[in-house]
4 protein chains.
Amino acid sequence: MEPTGLWLIGARGSVATTAIAGLLALRARVVEPTGCVSALPRFSDLGLPGWEELHVGGHDIADLALDKRAELLTDAGVIPHRVFEAVRPALSEVDSELRPGYHPATNPGSQADAARRLADDIGEFAARNGLARVVVVNVSSTEPVFPALPEHGTLAALEAAMAVPGRTVLPPSSVAAYAALRAGCPFVDFTPSTGIRLAALEELAAVKGLPYAGSDGKTGETLVRSTLAPMFAARALHVRSWSGTNLLGGGDGLTLADAEHAGSKLASKGRGLATLLGGDVTSPLHIDNVPDLGEQKIAWDHVSFEGFLGARMSLQFTWSGYDSALAAPLVLDLARFAALAHRRGESGPIGALGFFFKDPMGTEEHRLAEQFAALTAWAEAR
Amino acid sequence: MEPTGLWLIGARGSVATTAIAGLLALRARVVEPTGCVSALPRFSDLGLPGWEELHVGGHDIADLALDKRAELLTDAGVIPHRVFEAVRPALSEVDSELRPGYHPATNPGSQADAARRLADDIGEFAARNGLARVVVVNVSSTEPVFPALPEHGTLAALEAAMAVPGRTVLPPSSVAAYAALRAGCPFVDFTPSTGIRLAALEELAAVKGLPYAGSDGKTGETLVRSTLAPMFAARALHVRSWSGTNLLGGGDGLTLADAEHAGSKLASKGRGLATLLGGDVTSPLHIDNVPDLGEQKIAWDHVSFEGFLGARMSLQFTWSGYDSALAAPLVLDLARFAALAHRRGESGPIGALGFFFKDPMGTEEHRLAEQFAALTAWAEAR
Amino acid sequence: MEPTGLWLIGARGSVATTAIAGLLALRARVVEPTGCVSALPRFSDLGLPGWEELHVGGHDIADLALDKRAELLTDAGVIPHRVFEAVRPALSEVDSELRPGYHPATNPGSQADAARRLADDIGEFAARNGLARVVVVNVSSTEPVFPALPEHGTLAALEAAMAVPGRTVLPPSSVAAYAALRAGCPFVDFTPSTGIRLAALEELAAVKGLPYAGSDGKTGETLVRSTLAPMFAARALHVRSWSGTNLLGGGDGLTLADAEHAGSKLASKGRGLATLLGGDVTSPLHIDNVPDLGEQKIAWDHVSFEGFLGARMSLQFTWSGYDSALAAPLVLDLARFAALAHRRGESGPIGALGFFFKDPMGTEEHRLAEQFAALTAWAEAR
Amino acid sequence: MEPTGLWLIGARGSVATTAIAGLLALRARVVEPTGCVSALPRFSDLGLPGWEELHVGGHDIADLALDKRAELLTDAGVIPHRVFEAVRPALSEVDSELRPGYHPATNPGSQADAARRLADDIGEFAARNGLARVVVVNVSSTEPVFPALPEHGTLAALEAAMAVPGRTVLPPSSVAAYAALRAGCPFVDFTPSTGIRLAALEELAAVKGLPYAGSDGKTGETLVRSTLAPMFAARALHVRSWSGTNLLGGGDGLTLADAEHAGSKLASKGRGLATLLGGDVTSPLHIDNVPDLGEQKIAWDHVSFEGFLGARMSLQFTWSGYDSALAAPLVLDLARFAALAHRRGESGPIGALGFFFKDPMGTEEHRLAEQFAALTAWAEAR
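Below is a summary of the structure that appears in this document. Worth saying up front: this structure is predicted, and the values here are computed from it rather than measured. (Residues numbered from 1 in each chain as written. Chains lettered and ligands numbered in written order. Predicted model: local features only at pLDDT ≥ 70, side-chain atom pairs only at ≥ 80, totals over all residues. Heavy atoms only, no water.)

Quick notes on the sheet that holds strand E5 (residues 187-189) of chain C
Through backbone hydrogen bonds, the strands of a sheet pair up, either in parallel or in antiparallel fashion.
Residue and element names in this part refer to chain C.
So, step 1. The strand order E3-E2-E1-E4-E5-E6-E11 describes an open sheet built from seven strands, whose pairing is parallel. The sheet is open, and its two edges are formed by strand E3 (98-100) and strand E11 (348-349), each paired on a single side.
So, step 2. Summarising the sheet, E5 and strand E6 (residues 211-214) pair through three bridges and their orientation is parallel. Pairing of phenylalanine 187 across the sheet is with tyrosine 212, part of E6.
So, step 3. Seen against the sheet, helix H4 (residues 111-129) touches strand E1 (4-9), strand E2 (54-60), E3 and strand E4 (133-138) and runs at an angle of roughly 160 degrees to E2. (Pairing = 2+ DSSP bridges. Helix = DSSP H or I, 4+ residues; strand = E, 2+ residues; numbered from the N terminus. Contact = heavy atoms within 4.5 Å. Axes fitted to C-alpha atoms, helices over the stretch in contact; angles between N-to-C directions.)

Quick look at helix H3 (residues 81-95) of chain B
Residue and element names in this part refer to chain B.
So, step 1. Relative to the 21 Å expected for 15 residues at 1.5 Å per residue, H3 spans 20 Å between its end C-alpha atoms, a close match to the ideal helical length.
So, step 2. Along its length, H3 reaches its greatest deviation from straightness, about 50 degrees, at arginine 88, and the proline proline 89 lies no more than four positions downstream.
So, step 3. When H3 is considered as a whole, its buried residues turn out to be Val83, Phe84, Val87, Leu91, Val94 and Asp95.
So, step 4. Looking at the buried side of H3, the elements it contacts are helix H1 (14-27), strand E2 (54-60), helix H2 (66-75) and strand E3 (98-100). (Expected span 1.5 Å × (residues − 1). Bend = angle between axes of the 7 residues up to and from the residue. Buried < 20%, exposed > 50% of the residue type's maximum accessible area, 1.4 Å probe, protein only.)

Section: the environment of alanine 86 of chain C
Residues and elements named next belong to chain C.
So, step 1. Here alanine 86 shows up in helix H3 (residues 81-95).
So, step 2. The class of alanine 86 is partly exposed, set by a relative accessible area of 39%.
So, step 3. Note: C-alpha distance between alanine 86 and serine 347 (261 residues apart in sequence) is 39 Å.

Here's the deal with the side chain of serine 320 of chain A
All names here are of chain A.
So, step 1. In this structure, serine 320 sits in strand E10 (residues 312-322).
So, step 2. For serine 320, a relative accessible area of 14% corresponds to the buried category.
So, step 3. Separated by 3.1 Å, the side chains of serine 320 and glutamine 296 make a polar contact. (Polar contact = N/O pair within 3.5 Å; in protein donor to acceptor, adjacent residues only side chain to side chain.)

Considerations on the relation of the copies chain C and chain D
What relates the two chain copies is a rotation about an axis together with a slide along it.
So, step 1. Least-squares fitting of chain C to chain D yields an RMSD of 0.1 Å, with the transformation described by 0.0 Å of translation along the axis and a rotation of 180 degrees. What the rotation and shift describe, once combined, is the action of a two-fold rotation axis. For chain C, the minimum C-alpha distance to the rotation axis belongs to phenylalanine 317 of chain C and amounts to 2.0 Å.
So, step 2. Take the interface residues of chain C: 100% of them recur as interface residues in chain D, which is what a same-surface contact looks like. (Least-squares fit on C-alpha atoms with pLDDT ≥ 70 in both.)

And the structure:
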């Protein structure tokens, strides 16, 4: 494929840094593409952009140098020492493509002005690198729930409100989505933040004829849930309760254990389970901040189910993973698949990418196997 | 559908007794068909035999009365008290349809004679009850591995050997399969015993134009494995080891913990995992006899896998179930689906029933979601 | 020992009913005293009251007959059918010794009046049955946290306030404790409610020369925690976080998942862990109401710890128990040991009974093995 | 204390290398003594040899340089990078104190000659470094079970047999123990190999007036078992089965999964459980070699127990640790405590060190809390 851009919102975070370091390592052929769905043999003939053809830039409100961030992830066990050593120089090059992100506190002007600046950053990145297209992927920290406003209903109303200096009509993730669309870029939301999920922004995507995908990357507990729940359904076993506890360290733990933030994440997790099993299942869910776990994420689920003649049985599982290591390859996958959708001229939500998300847009399918079949069928169409 | 017979080999065992008691309870409308796949709404228009249309008979070498067996299962927590009370009288009626099974030690004549007697039992059962067809399902105890013999290669050679008085050319499960086919019945093997899996018997099924299915009901650990393993494959995650331990009480625990018997069961379990993940996975597996667990079965699996940049992660699960409660509804399902295949005039192994088995015949598919899709497509064809 | 009374506050609840049914079954010699610490051989020479010498009465605000309650517990799997059948008639006899409990909403007079009535009930029970002493044990539902009041500081201030009609100066558990002491009875608090833990009530116990014990029976997760935590300490392993989730059905789940109620329970659980490990441990803890679990209680704990050279390791456990079956024998134990203390003329908190409690009074020792050693030494003294 | 030697049998193995690297890191004050029991405050006044006073030497049949071995352990996550960098030069110095170990295949002369050479090595080490005493600790690979021979009965018979050229009357661990005693050194066996556990060698220890301790370091599953089992006993709960599975990578996994080798290890594990719970407990136990786990060791235990009125309950735990990180600090502890015993003039098995062992010599106590109390009492005596 042609040279393609991957523009990361939250480019200095753990997920982004792991994705960038991994891409550089793949390019240097010092690692295998383990965990990269798009590198499965069945997707090899689609003309997806190769590792050498993906160019990375991005926005972030933090300013820690990428190689410093990568060093922290190396100490935390996410990036192996030898990989870090191999990609360290190239990380500094990517650093030069990163620009300051948008945050209301530090951008006193209108949101329209801010969005214009963000879109210009992306446009210059594309021009500077001779890119055929740029996919924008949001991997920034989960936002608190943003209140619904009437101005979110139409593009005209939204843009009028955005033009008012000092007015905060959109959360940062939606400003980023707006800027991406204005710059003519497909937008992917890897977080549960509002992002593109406003009528006004979907209208803009339609006007511009752009594809988008989201939301909330499915990397751990929910991945397993969307795999196991269909088993109970197919076997006519009656799930009576499905209880879950998540232990997270790192910045994510801190962000999500906060009640308001967790609101969006828990809702996103809960939506899938209800769809998979029907709405009558007791399903308490917790997210705890356990700093000593660092980048590790541990989830315990207990499923109580009823079988023939009312027999009471249970399944419990413990998932122990590194969130950034699980998310990073999917970010690369989404950049490649969204680029494919854009090249094919698709517009609107790409339901076939629901495979990657806890709360998929453009589809009601939450079952993992069926999602994978849909992804494959979509990718191989044409 | 027309009146249909379900002939159980091992009709006085835990699985059979639970299936019989459950069928009677369904007929009496005192329970819901939880755990019955064939009772899912999507299969309601196929004309499967209703609970009232299924008549049960069977063979067993034991002679404990069905209601006594059911009482033991009630004490063990598999059958609820109120269900037992509701079906107790009807159990005695079914008892009158059970006949002595075949065992080499108690049948000193030729295996041909024995098979003839077994086939006659089935034929008389069909005639007595005016049945359109009888499905024979083997749910007897797992046999030790039976050595391969040249006589198993062709029907002619097999029948010649069977005619020799005192010669044991077949294990009991295969004598039962032979008798079923000779009686013109579809045969289903719910155990990992040899059963119909001999060239000579497959030849006989072809000659008689009969369908068959098997083998080894997928009720617990393997059910979960065939659900989870495709998740790792679809996400390009590299499974490095998959270790398993099974704790069983009851007769099954005693039978299977014995090394020779376990041979067939472990082989059957292992075959699926290798197919699902490729052959290079370390996968130690144990079956332990833990009598105090009674009818309960507990399995612990530990999956070690590698993700992006070599990140080492793990998933472990503990399954706690009642084996008979998991198996019994599938026995009813298989009787109904095999009756459908027979009515449709199908012959040979029914690969679409692989959904129910650890070691499916007639298909190489081990992934549960794909198996369910195949079952649905097959059932809805025509 | 002489005839001894066991007066239960919350006598119609799950724990009390199981204790009563169990005592009757022990008396009828249809069960072994499994789970009864006081029945261990080492305590056989202390002259503890025998099963035949323990007479049961109690208070409860509910009025469901004991045999009905026991039937529900039988259906829930806590009491075996054969035990229920054996003790059913005797349950009705105990029923005749139960009296209406105190609740502010149904007792419009002064709390002094209410307490007098409660004490009279106990006194008449003792007289009617010719009892040498009566031990009062609180097993009623956990109360919401009751605010501290100045009147709790001295007996004089408290009694003055209690005499004011319509004034609620004490929660029900403390009214019960006051009544017990006024009736000359040792008091044991098996719940985390306020009970006797007020300066004024401790003053009353001292004045009357009565022993007491509590609080909050240690039956599940905390039992395991107080066993495991000392292992880490003795091995100089540094526990970094200890996370816990409790899934409860039954009335307890409903009561405790309510935030306010859980306050007292979670505080009680947390206090022990901090003492065992030092105060710097991250220890998120949840209690979820999962109705389908019924009487079952499932706890999952994840312990993250650091070893030599900073090695990061973990221990997780899943406890699956029946809360009433765990608590009931301890109620009988406490009645017997408290009777011993009373006979010996002890006064004040019995620290040696800390073995039985999450939040022990009269001792700072939380380590189970050390608590057991202290219990044994105390019991064998003299 | 005076300068003290720690002579390691198997000095280039994982446990020894971790112990050596850790000692050097403690001396350099770059780590805390986490996991070192002897560094607990309560043992600070005993005059145990300080980290600076411990000098290390040893035997090994392998010849991989210590710093290479340490580098492998660093890659495996057992030794942190910064620790490795800090101790690398000092590791090479220790390397100069290591000597070739004994193995029958490479020592064609008599075992008496071999033992003399080993004892000389230790003596020269002590002289070279001006050591007051040397403690010999066996941390070499677990041996296959060695057959009992009549010559093991008395020292005279043993030494006569050892003098015969080419005769293998002792396994290597016992040759090492013999040499240690002949060199006047206390001997500690951290493995389940035969070591000093022969009447002839115990006779030699008595003759020489030397203390010894063992055997088989209690570092993981058994540590937890010896902590939890007394809980069930103290609570009068009846354990019905205790099932265990161990997953090991590294050389240990390979050695122990081999049936013959596992014999000694499994026996050693089983002995403790039977003592703790009584002999009637079903307790299947497996050790599996799972190479991808590397230095990690994962154990799953399932305990089925019965409570009041026959209630069936369970506890399961999963232990995930680094075996070398768990064992290494105990090796340092044992060197220090054995040095104390020697300084005090003790002779024979030191039962008070049973705290450290799966199969303790000189005591029948297996309960961890009681073992710790015994250790403390012993250490503080005098």
